[in-house]
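Here is how the chains run, residue by residue.
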Amino acid sequence: MANALTALHLQNEDAAFAYVEARLWPNGPTCPHCGGVERISRMGGKATRKGLHKCYHCRKQFTVRQGTIFESSHVPLNVWLQAIFLIASSKKGISSHQLQRTLGVTLKTAWFLSHRVREAMSDNGLDMLGGEGKVVEVDETFFGRLDDVPQARGGFTHKKKVLSLVERGTGRARSVKIEAVTMGEILPIVRANIARETHIMTDEHPVYKKLGLEFAAHSAVFHGVGEYARGKAHTNTIEGFFSIFKRGMRGVYQHCREKHLHRYLAEFDFRYSNRIATGCDDVERADRMLRGVVGKRLKYA
Ligand SMILES: [Zn+2]
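We now turn to the structure provided with this report. (Residues numbered from 1 in each chain as written. Predicted model: local features only at pLDDT ≥ 70, side-chain atom pairs only at ≥ 80, totals over all residues. Heavy atoms only, no water.)

Of regular secondary structure, the protein possesses ten helices and eight strands. Based on the C-alpha atoms only, the size of the protein along its principal axes is roughly 75 × 40 × 40 Å. Counting every position in the protein, which comprises 301 residues, the buried fraction comes to 49%. About 15300 Å² of surface is accessible on the protein, with carbon and sulfur atoms providing 53% of the total. Here the protein contributes 46 positive and 30 negative side-chain charges, whose respective centroids are spaced 7 Å apart. (Helix = DSSP H or I, 4+ residues; strand = E, 2+ residues; numbered from the N terminus. Buried < 20%, exposed > 50% of the residue type's maximum accessible area, 1.4 Å probe, protein only. Areas by Shrake-Rupley, 256 points an atom, 1.4 Å probe, with all protein chains shown as cover. Lys, Arg positive; Asp, Glu negative; His and termini not counted. Charge placed at Lys NZ, Arg CZ, Asp CG, Glu CD.)

So, in structure tokens, the structure goes:
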């Protein structure tokens, strides 16, 4: 097997530009200012910025970084691609401290790089999971501790709460931060993200009781009475997803603040949805992340 880290686009910035341009501009350069595609020239010369193009419709200049998570960053494009590859290929994620050491950048830069890359992994949530003949498992998980809430002796009130929807087989995962396990929190998320023709699989929690009326079918697993994994009525798929997610949040991202949790969820969802079992290797996963960089420029960073 080839060593993926020796790929030229990870080593050399000119090669990185060629690599990104080929993927973001499959039909040739597109002007981000006016949308023009025809009268565009690549600017040459030693003093010119890498990847610089000029549009002769609107007479403005641009590079492929414009309008993407790479915009207004001084980090060389091949280092961006290294960060993308490392995050794409680390099953439980990779900490900013590890990225700092591996990429030789400051901790602040490592943090910004990784949050922007997570933004590239977020799906728009517009399409539905499931469909006819499909099974989607729905469950909540609790972990860590909410910001500024004291540790409680029992119960889950002080913990972070996440609702995940995981389609069986080669399907995808979608996770949402929730405030509480109530019908008011959970049902709108289920309705907005799962096709009506789907067979829904949950545990016996009463918040899921009504789902049978709205979806093709609903099965509930009664964990307490030996029904675990009997035939089709199980939630093993989502439990496998939670197991990776929790190991990552405990071992790698233990300092995650609540306001950033949705980005970490996007990261775990993305790697799960583009996992080996779906025919996606590390290189292909990094390429799919790269296609998500457009239109995701972060305001705060
Ligand atoms: Zn233009």
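Okay, the packing of aromatic side chains next. All told, the structure shown has nine aromatic pairs when counted by the stated rule. Between W25 and F62, the ring centres sit 5.8 Å apart and the planes meet at 80°, which makes this aromatic pair edge-to-face. Of this pair, W25 sits in the loop between helix 2 (13-24) and strand 1 (40-42) while F62 sits in strand 3 (residues 61-62), and the two are 37 residues apart along the sequence. Note on accessibility: W25 and F62 belong to one class, buried. (Phe/Tyr/Trp six-rings, centres within 6.5 Å; stacked < 30°, edge-to-face > 60°.)

Moving on, we get to the coordination of the zinc ion. Around the zinc ion, the donor atoms from the protein are C31 (SG), C34 (SG), C55 (SG) and C58 (SG), and they sit 2.3 to 2.4 Å away. Around the zinc ion, the four donor atoms are arranged such that angles at the metal cover 103 to 116°; this shape is classified as tetrahedral. Binding-site remark: the zinc ion is held by donors from one chain whose sequence spacing is C-x2-C-x20-C-x2-C. One end of the pair, C34, is in the loop between helix 2 and strand 1; the other, C58, is in the loop between strand 2 (53-55) and strand 3, with 24 residues separating them in the sequence. Among the residues examined, C34 registers a relative accessible area of 40% and is labelled partly exposed. (Donors = N, O, S within 2.8 Å, 3.2 Å for Na, K, Ca; no water. Tetrahedral: all angles 85-135°; square planar, octahedral: opposite > 155°, others 65-115°.)

The next subject is the sheet that holds strand 3. A sheet is described by the order of its strands in space; here three strands give the open sequence 1-2-3, paired in antiparallel fashion. Looking at strand neighbours, the two that pair on one side only are strand 1 and strand 3, the edges of this open sheet. Two elements, strand 2 and strand 3, share two bridges in a ladder whose sense is antiparallel. Counterpart to K54 in the pairing with strand 3 is Q61. (Pairing = 2+ DSSP bridges.)

A separate point is the environment of M249. Assignment of secondary structure puts M249 in helix 8 (residues 236-251). As for M249 and Q100, which are separated by 149 residues in sequence, their C-alpha atoms are 19 Å apart. Discounting chain neighbours no more than four positions away, the residues touching M249 are F143, Q254, C256, L261, Y264 and F268. (Contact = heavy atoms within 4.5 Å.)

Our next topic: the pattern of salt bridges. One pass over the structure, following the stated rule, counts 18 salt bridges. A salt bridge links R191 to E214; its shortest N-O distance comes to 2.7 Å. Pair noted here: R191 is in helix 6 (residues 183-193) and E214 is in helix 7 (residues 211-214), with a separation of 23 residues, a long-range link. The partly exposed category is assigned to R191, whose relative accessible area is 31%. (Salt bridge = Lys/Arg side-chain N within 4 Å of Asp/Glu carboxyl O.)

Looking now at the nonpolar core. Of all hydrophobic cores here, the largest spans 39 residues; its most connected members are F70 and I84. Those elements that provide at least two residues to this core are helix 2, helix 3 (77-89), helix 4 (96-103), helix 5 (107-121) and helix 10 (282-291). At ten residues, the largest contribution of residues to this core is made by helix 3. Setting aside its immediate chain neighbours within four residues, I84 contacts F70, V117, A286, M289, L290 and V293. (Core = buried A, V, L, I, M, F, W, Y, C linked by side-chain atoms within 4.5 Å.)

Running from N to C, helix 2 and helix 10 cross one another at 70°; their axes reach a closest spacing of 10 Å. Overall, the two elements helix 2 and helix 10 adopt an arrangement that is roughly perpendicular. For the element pair helix 2 and helix 10, the recorded crossing hand is right-handed. In contact with Y19, V20, R23 and L24 of helix 2, helix 10 contributes D287, L290 and R291. (Axes fitted to C-alpha atoms, helices over the stretch in contact; angles between N-to-C directions. Parallel < 35°, antiparallel > 145°, perpendicular 65-115°, else oblique. Left-handed = near helix turned anticlockwise from the far one by under 90°.)

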